[in-house]
Amino acid sequence: MAIYLDHAATTPLRPEVLEAMLPYLTEHHGNPSSIHAAGRRARQGLDEAREEIAALIGAKPREVVFTASGTEADNLAVKGVAWASSARGRHIVTSTVEHKAVINTAAILERQGFQVTAVGVDRAGRVDPADVASAITDATTLVSIQAANNEVGTLQPIAEIGAICRERRIPLHVDAVQSAAFEPPTPDAWQATLISLSAHKLYGPKGIGALYVRQGTAMVPQMNGGAQERQRRAGTENVAAAVGFARSMRLAYAEKPNLATLRDRLIAGLVALDGVQLTGHASERLPNSASAVIEGVEGGDLVAALDLDGIEASTGSACTTGSVEPSHVLLAMGIDPELAHGSLRLTLGRDTTEADVDRTIEVVGACIGRLRGLRAPAAVSA
Amino acid sequence: MSRIVAAMSGGVDSSVAAALLAREGTEDEVIGVWMRTHGDLPEGYELSRSCCSPDAADDARRVAQLLSIPFYILNVEREFGARVIDAFVDSYLEGATPNPCQACNQYIKFDELLKRGLAAYGADAVATGHYARLEHRDGRWRLMRAADADKDQTYFLWVLSQEQLAQTRFPLGDLTKPEVRAIAADLTLPTAHKPESQEICFVPLGDYRELLEERRGYAGEPGPIVDADGTRVGTHTGYAHYTVGQRHGLGVALGEAVYVREVQPTTNTVVIGRREEVAQRSFTVDGARFTAGDAPAERFEASVRIRHRAPDVPAEVTMVGRDRFVAETAAPVWAPAPGQAAVLYDGDECLGGGRISRA
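Residues numbered from 1 in each chain as written. Chains lettered and ligands numbered in written order. Predicted model: local features only at pLDDT ≥ 70, side-chain atom pairs only at ≥ 80, totals over all residues.

**Here's the deal with the overall build of chain B**
Reasoning step 1: Each helix and strand in chain B was counted, giving eight helices and 17 strands.
Reasoning step 2: Taking 359 residues into account, the globule formula puts the C-alpha radius of gyration at 21 Å, and chain B, at 21 Å, falls close to it.
Reasoning step 3: Taken along its principal axes, the extent of the C-alpha atoms in chain B is 70 × 50 × 35 Å.
Reasoning step 4: Buried positions account for 47% of the 359 residues belonging to chain B.
Reasoning step 5: Partitioning the intrachain contacts of chain B with sequence separation of at least 6 by distance along the chain shows that 65% fall at a separation of at least 24. (Helix = DSSP H or I, 4+ residues; strand = E, 2+ residues; numbered from the N terminus. Rg over C-alpha atoms; globule rule 2.2 N^0.38 Å. Buried ≥ 20, exposed ≤ 12 C-beta atoms within 10 Å, placed from the backbone. Contact = placed C-beta atoms within 7 Å.)

See below:
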């Protein structure tokens, strides 16, 4: 059995979640917009899911918009608000370590005549709220900052940024896709106007995300069609996935696994290896995330080597196409580009054991040794 | 049991090579690897049959799924850019004819992939879809021509050393191309009916001139085309746009077929000649390497091939030091082009070769 340490990429579906979803994939097959009994039954499932998620984050049900993914939620938040307020101003503020779903969405807006200021981060990947404050201009209509980084796990001072946005009366969008697996997002404490969420990072199904939209927020829908989701996101709702999302979220906050202890054990083991440096913040980081850069090793090679030795890890960024560009997050943190090629991300889950962690440290050490030894020429033999 | 890295380009040959290694009943553990050699091509090039397009990666991945083998993408952009693409461009700028497939074998498949594959994947060997055979006889590895003489690719593999040959597998060596296609069809591999790729993978439209400008800023400056006597007979667009043996695109009408005989970078001159003037009986070869490690003798008989699919010609080979030789052929050979490989054979065995030097 492989040791799966890529929970930041996705998590396995919980059996209880699957069980909650199954009736909506079978007998409750109706379209929630239909008038008849089958439709009403589906609508009930959808409404209850929305209520549950709203309750978990301290929001009103009408403030929860289901989308097909966290990426779609980011797109809807950034484009939707930017366009809705474009008569007032065309400037948005974000950071250099955002997820591609925000960075590339902002880049599209830039091509359409908006201005984007991406505030930098320190060596640990933290945004300084003062930088956000000074980036805001009279034309700013949106600030978008993630709650936690997907590559290095660094947590951002969202409440402080929220206070600044509140004072300047600018809506704050928070991508909470990673952090929501551990702590419920808090629209009020954060003073956030928009929050992106995704189910499959917290043991729910893939194919569903949500955007919290504070009541009264003007927004241009990005998917046009029927009147679903209060006209903010057209398309027949993915009822079963919404039900699964709500159930997985409730279960996520019903338990408090002590992942941080295991994470610290893993980090200590990794940095004890020769030429391995922790990336991200030492303490202000996701409880399941250990990330590092490793001298003299290509991250993709290391991840392949670990895979063949039964450990499923990641370089941190989605590099399935084998792109040669190092992670934009590591570069933004001031890590040398050559070193940034040697990135490794290990993200723990609720089933990870101490033995898994110890085994991982051992295998990472062995693989690094092998990769650095490129290559002791093999003997010529028959 | 061996663990073998199968280089998968997304074409039918490498797909079948991987399939033969991975088929049930063999002891070998196979790992499929697709190498990313250069960035994505601009929009509109995706219909090209290039082996390095994202489509090719998708095909390779799909084949690996069907074979139930692990599949990884290995990024070799930096190495390929320097060792293959830049070398290709520089070769033209030196007035020579490049040999990119050989460079890719020498520096990428049997060096970068081999060493990274062995280290990262803990593999023992690299397998490719080349048509060539390996034999271990009398204490050493021998690189042998493929059973399918028409497909034989030893012309691009002569650079391999004993060490490399020992860690190489050519599963297609005993098969003909129709047999390979039949196996692919039988296994319902999605690559079974893919057309043959002929062009150079990083020059999808076959025009390398843009690449000269892009990589080295060479736009081409018009200069004289002269005949054997030095008489100017036309104007060319830049010496690096021409290669020895070229017939088309000269814009010269002399009433008979003429060919490029020599390209002179220093004077930006292209020299042409009639067919018989372009043939030679003797030429010098640099950078010689022998699969056995050393040349068979100071002076020996071999057959020589100076371009892919050209006929072999019997020759007398005389070593000049360790890494240079002179080949004197029994009959004139057509346009030995500086930069191209001259590959030596003893019957079906490929002995090695070198790079034809400027006369």
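And the narrative resumes.
**Overview of the packing of helix α3 (residues 70-84) of chain A against helix α4 (residues 100-111) of chain A**
Residue and element names in this part refer to chain A.
Reasoning step 1: Packing of α3 against α4 brings their axes to within 9 Å, and their N-to-C directions diverge by 30°. Every pair of crossing elements has a handedness; the one defined by α3 and α4 is right-handed. Facing α3, whose interface residues are Gly70, Thr71, Asp74, Asn75, Val78, Lys79 and Ala82, α4 presents Ala101, Val102, Thr105, Ala106 and Leu109.
Reasoning step 2: Residues belonging to the contact of α3 with α4 are distributed by class as follows: six nonpolar, four polar and two charged. (Axes fitted to C-alpha atoms, helices over the stretch in contact; angles between N-to-C directions. Left-handed = near helix turned anticlockwise from the far one by under 90°. Nonpolar A, V, L, I, M, F, W, Y, C, P; charged D, E, K, R; others polar.)

**A look at unusual backbone geometry**
Reasoning step 1: Not every positive phi belongs to a glycine, and Arg169 of chain A is a case in point at roughly 55°.
Reasoning step 2: Structurally, the position occupied by Arg169 of chain A is in the loop between α6 (158-168) and β6 (172-175).
Reasoning step 3: The backbone phi angle of Ala335 of chain B is positive, close to 45°, even though this residue is not glycine.
Reasoning step 4: Within the secondary structure, Ala335 of chain B sits in the loop between β15 (324-334) and β16 (341-346).
Reasoning step 5: On the neighbour-count criterion, Ala335 of chain B (24 C-beta atoms within 10 Å) is buried.

**Considerations on the domain arrangement of chain B**
Residues and elements named next belong to chain B.
Reasoning step 1: We note that the domain assignment places domain 1 (3-186), domain 2 (220-277) and domain 3 (280-356) within chain B.
Reasoning step 2: Taking the mean C-alpha position of each, domain 1 and domain 3 sit 25 Å from one another.
Reasoning step 3: At the level of elements, β6 (140-144) and α5 (162-166) are the ones that each hand at least two residues to the side of domain 1 that touches domain 3.
Reasoning step 4: When residues of the side of domain 1 that touches domain 3 are assigned to their parent elements, the largest contribution, four residues, is made by β6.
Reasoning step 5: Class assignment for the residues of the side of domain 1 that touches domain 3 results in 10 nonpolar, seven polar and three charged. (Domains from an automatic or database assignment.)

**As for the domain arrangement of chain A**
Interface size is commonly expressed as the accessible area that is lost once the parts come together.
All names here are of chain A.
Reasoning step 1: As far as domains go, chain A holds domain 1 (15-253) and domain 2 (258-372).
Reasoning step 2: Placing a centre on the C-alpha atoms of domain 1 and another on those of domain 2 gives a separation of 28 Å.
Reasoning step 3: Between domain 1 and domain 2, the contact holds 18 residues from the first and 17 residues from the second.
Reasoning step 4: When the residues that make up the side of domain 1 that touches domain 2 are grouped by side-chain class, the tally is seven nonpolar, eight polar and three charged.

**Focus on the pairing of strand β5 (residues 133-137) of chain B**
All names here are of chain B.
Reasoning step 1: Sheet analysis places β5 next to β6, joined by five bridges and oriented antiparallel. Its bridge partner lying in β6, Arg137 is registered against Arg140.
Reasoning step 2: Here β5 folds back onto β6, and the loop between the two strands holds two residues, one of which, Asp138, carries a positive phi near 50°. (Pairing = 2+ DSSP bridges.)

**A short note on the sheet that holds strand β7 (residues 168-169) of chain B**
All names here are of chain B.
Reasoning step 1: Strand order in this open sheet of five strands is β3-β2-β1-β4-β7, and the pairing throughout is parallel. The open sheet has two edge strands, β3 (71-75) and β7, and neither has a second partner.
Reasoning step 2: One ladder, built from five bridges, connects strand β1 (residues 3-7) with strand β2 (residues 29-36); its direction is parallel. Looking at β2, one finds that Ile4 is bridged to Val30.
Reasoning step 3: Running at roughly 165° to β1, helix α1 (residues 12-22) makes contact with β1, β2 and β4 (125-127) of the sheet.

**Observations concerning the sheet that holds strand β8 (residues 223-226) of chain B**
Residue and element names in this part refer to chain B.
Reasoning step 1: Ordered in space as β9-β8-β11-β10, the four strands form an open sheet in which the pairing is mixed. Lying at the two open borders of the sheet, with one neighbouring strand each, are β9 (232-236) and β10 (258-264). Mean inter-strand twist for the sheet, computed between neighbouring axes without regard to direction, equals 30°.
Reasoning step 2: In this sheet, β9 lies alongside β8 in antiparallel orientation, the contact comprising four bridges. Directly across from Ile225, in β9, lies its bridge partner Gly234.

**Description of the pairing of strand β8 (residues 209-213) of chain A**
Residue and element names in this part refer to chain A.
Reasoning step 1: Extensive coverage of β8 is indicated by the burial of five of its five residues.
Reasoning step 2: Side chains Gly209, Leu211 and Val213 project from β8 onto one buried face, and the interleaved Ala210 and Tyr212 project onto a second face that is buried too.
Reasoning step 3: Note that strand β2 (residues 64-67) and β8 share four bridges and pair antiparallel. Paired with Val64 across the strands is Tyr212, a residue of β8.

**With respect to the packing of α1 of chain B against helix α6 (residues 177-186) of chain B**
Residue and element names in this part refer to chain B.
Reasoning step 1: At a minimum axis separation of 9 Å, α1 and α6 run at an interaxial angle of 65°. It follows from the interaxial angle that α1 and α6 lie roughly perpendicular. For the crossing formed where α1 meets α6, the hand is left-handed. Of the residues in α6, those touching α1 at Val12, Asp13, Ser15, Val16 and Ala19 are Val180, Arg181, Ile183 and Ala184.
Reasoning step 2: Of the residues contributing to the contact of α1 with α6, the split by class is six nonpolar, one polar and two charged. (Parallel < 35°, antiparallel > 145°, perpendicular 65-115°, else oblique.)

**Focus on α3 of chain A**
In an α-helix, one turn spans 3.6 residues; hence positions three or four apart end up facing the same way.
Reasoning step 1: Look at α3 of chain A: 21 Å from first C-alpha to last across 15 residues, which is about the 21 Å you get at 1.5 Å a residue.
Reasoning step 2: Taken across its 15 residues, α3 of chain A has 13 buried, putting it largely inside the fold. (Expected span 1.5 Å × (residues − 1).)

**Regarding the nonpolar core**
What tends to happen in soluble globular proteins is that the nonpolar side chains get buried as a cluster.
Residues and elements named next belong to chain B.
Reasoning step 1: In terms of nonpolar packing, the biggest core is built from 214 residues, with Ala6 and Val33 touching the most fellow members.
Reasoning step 2: Top contributing element to this core by residue count: helix α4 (residues 100-121), with 10 residues.
Reasoning step 3: When near neighbours in sequence (up to four residues on either side) are disregarded, Val33 contacts Val5, Ala6, Ala7, Met8, Tyr72, Leu74, Leu113 and Gly117. (Core = buried A, V, L, I, M, F, W, Y, C linked by C-beta atoms within 7 Å.)

**Focus on the environment of Arg209 of chain B**
Residues and elements named next belong to chain B.
Reasoning step 1: Considering the arrangement of structural elements, one finds Arg209 in helix α7 (residues 209-216).
Reasoning step 2: The exposure class of Arg209 is partly exposed, given the 16 C-beta atoms found within 10 Å.
Reasoning step 3: Arg209 sits 11 residues away from Gly220 along the chain, and the two C-alpha atoms are 8.5 Å apart.
Reasoning step 4: Aside from chain neighbours lying at most four places away, what touches Arg209 is Gly220 and His241.

**Structural notes on α4 of chain B**
Residue and element names in this part refer to chain B.
Reasoning step 1: Taking 1.5 Å of rise per residue, 22 residues should cover 32 Å, yet α4 covers just 27 Å from first to last C-alpha, more than 12% shy of that figure.
Reasoning step 2: The largest bend in α4 amounts to roughly 30° and is located at Leu114.
Reasoning step 3: When you tally the buried positions in α4, you get 18 out of 22 residues, the bulk of the element.
Reasoning step 4: One or two residues past the end of α4 sits Gly122, with phi positive at roughly 60°. (Bend = angle between axes of the 7 residues up to and from the residue.)

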